[in-house]
Amino acid sequence: MNNNYYKARLAINKSLLKEYSNNEYSRIVYMKDNSEFQIQLFNPYTYTIGIEISLNDTSLSNMLVLKPGERIWLERYFDDNRKFLFNTYEVENSYEANKAIANNGNVTIKFYKELIQNNWYVNKSYIYTKDVWDTDVWDNNKLTQFTTTCNYNDNISQAFTSANYCSSSSITSPLTASASAASTIETGRIEKGGHSNQNFSSVYKDFESFPFRTETIKILPYSQKPLHKFDLVKRYCSNCGRKLNPKHKFCPYCGTKV
């Protein structure tokens, strides 16, 4: 799908990261350990939107508000001027460990429309008529018409939620890596990094209860990135000139250290 379709992208130093996909995740980016990153957010709509962000499936609790046409490179938490950081660690390659790290690296962005309050109260009177045979004059075969008035109160209200950003929230502390088993895998969580100079101002607006759009991006360790032919750099021995495997530390033909 065209990347222009997405309203949220991940970046490092404001350079958008290339996205991949597999059978499990439709949007994947790969990061190295201790990578600080940004979330680029854009509002292409003609109305103000509220944006809710979850990291490792833990909500930041409050919303970022973008007016029509606004774009932001969000680099920090709302409640703390610390940057977004991707930190990797190893766990045993077991069913229990894989279940425990399932939410690691998840970035979920939900978009909400600004709520236009339409709370209203009306008192309506509906009048209907119908033709019936009057039993008192049945024998005279006379048709009598009567009118019935129905009065009722129609009180309609819309439930809504108020949201603003730059309020307090908390982030789950990082998990401690399990002891290594016979085989291990690398995983990574989104943590708090260095100091950020990005500032916000408080806004108070109401938004609809349900998002009209949701995007999810999975961050995986760079070590899990699949290698393609163009990713491999050809290496040659400086002594004998023979072609080397990228994993070789010594030339298998002449023994020269490479």
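Residues numbered from 1 in each chain as written. Predicted model: local features only at pLDDT ≥ 70, side-chain atom pairs only at ≥ 80, totals over all residues. Heavy atoms only, no water.

Asker: Hey, could you run me through the overall build of the protein chain in this one?
Answerer: A count of helices and strands for the protein chain gives one helix and 17 strands. With 258 residues in all, the protein chain has 33% of them scored as buried. In the protein chain, the share of contacts with a sequence separation of at least 24, taken over all contacts with a separation of at least 6, comes to 71%. (Helix = DSSP H or I, 4+ residues; strand = E, 2+ residues; numbered from the N terminus. Buried < 20%, exposed > 50% of the residue type's maximum accessible area, 1.4 Å probe, protein only. Contact = heavy atoms within 4.5 Å.)

Asker: Looking at this structure, I do not really get the confidence of the model for the protein chain. What am I missing?
Answerer: For the protein chain, mean pLDDT is 78; residues scoring 70 or higher make up 71% of the total. This stretch, residues 121–181, has a pLDDT under 50; its non-local contacts, to residues over four places away or in other chains, come to 110 contacts. (pLDDT = per-residue confidence, 0-100.)

Asker: Got a minute to help me understand the sheet that holds strand β6 (residues 58–66) in this structure?
Answerer: Hydrogen bonds along the backbone pair up the strands of a sheet, which may run parallel or antiparallel. Taken in spatial order, the five strands make up an open sheet running β3-β15-β9-β5-β6, and their pairing is mixed. Edge positions in the open sheet fall to β3 (28–31) and β6, since each of these has one partner strand only. Adjacent strand axes in the sheet meet at a mean angle of 25° when their direction is disregarded. Relative to strand β9 (residues 106–113), strand β5 (residues 49–55) runs antiparallel, the two being bridged by seven bridges. Across the sheet, the residue bridging to isoleucine 53 is isoleucine 109, located in β9. (Pairing = 2+ DSSP bridges. Axes fitted to C-alpha atoms, helices over the stretch in contact; angles between N-to-C directions.)

Asker: Is there a simple way to explain the environment of tyrosine 25 in this structure?
Answerer: Its place among the elements puts tyrosine 25 in the loop between β2 (15–16) and β3. Sequence separation between tyrosine 25 and threonine 216 is 191 residues; the distance between their C-alpha atoms is 9.0 Å. If we skip the residues at most four places from it in the chain, tyrosine 25 touches Ala102 and Lys218. A polar side-chain atom of tyrosine 25 sits 3.1 Å from a polar atom in the side chain of glutamate 24. (Polar contact = N/O pair within 3.5 Å; in protein donor to acceptor, adjacent residues only side chain to side chain.)

Asker: Could you clarify how one ought to interpret the nonpolar core in this entry?
Answerer: Soluble globular proteins: nonpolar side chains tend toward being buried together. Judged by nonpolar contacts, the single largest core of 28 residues is most densely connected at Leu10 and Leu41. Once residues within four sequence positions are removed from consideration, leucine 10 is found in contact with Ser15, Leu16, Leu17, Val29, Met31, Phe37, Gln38, Ile39, Val107, Ile217 and Ile219. (Core = buried A, V, L, I, M, F, W, Y, C linked by side-chain atoms within 4.5 Å.)

Asker: Before we go on, may I ask you to explain unusual backbone geometry in this structure?
Answerer: Phi at asparagine 34 takes a positive value of approximately 60°, unusual for a residue other than glycine. You can see asparagine 34 is positioned in the loop between β3 and β4 (35–42). If you check the backbone angles, serine 61 has positive phi at about 75° while not being a glycine. Tracing the backbone through its elements, the reader meets serine 61 in strand β6.

Asker: For this particular structure, what's the right way to read the packing of aromatic side chains?
Answerer: We describe a pair of aromatic rings using the distance from one ring centre to the other and the angle between the two ring planes. Applying the stated criterion to the full structure yields eight aromatic pairs. The interplanar angle of 85° and the centroid separation of 5.3 Å between the aromatic rings of tyrosine 45 and phenylalanine 212 together place this pair among those described as edge-to-face. One end of the pair, tyrosine 45, is in the loop between β4 and β5; the other, phenylalanine 212, is in the loop between β14 (205–207) and β15 (213–221), with 167 residues separating them in the sequence. For phenylalanine 212, a relative accessible area of 29% gives the class partly exposed. Judged by centre distance (6.2 Å) and plane angle (75°), the rings of tyrosine 47 and phenylalanine 212 are edge-to-face. Taken as a pair, tyrosine 47 in the loop between β4 and β5 and phenylalanine 212 in the loop between β14 and β15 lie far apart in primary sequence, 165 residues in all. On the basis of relative accessibility, which here comes to 27%, the residue tyrosine 47 falls in the partly exposed class. Each residue in the set Phe37, Tyr77 and Phe84 is aromatic and connected to the rest through ring pairs, giving one cluster. Here lysine 7 stacks its cationic end above the ring of tyrosine 5, 5.6 Å away from the centre of that ring. The ring of tyrosine 6 carries arginine 27 above its face, with NZ or CZ at 3.5 Å from the centroid. (Phe/Tyr/Trp six-rings, centres within 6.5 Å; stacked < 30°, edge-to-face > 60°. Lys NZ or Arg CZ within 6 Å of the ring centre and 35° of its normal.)

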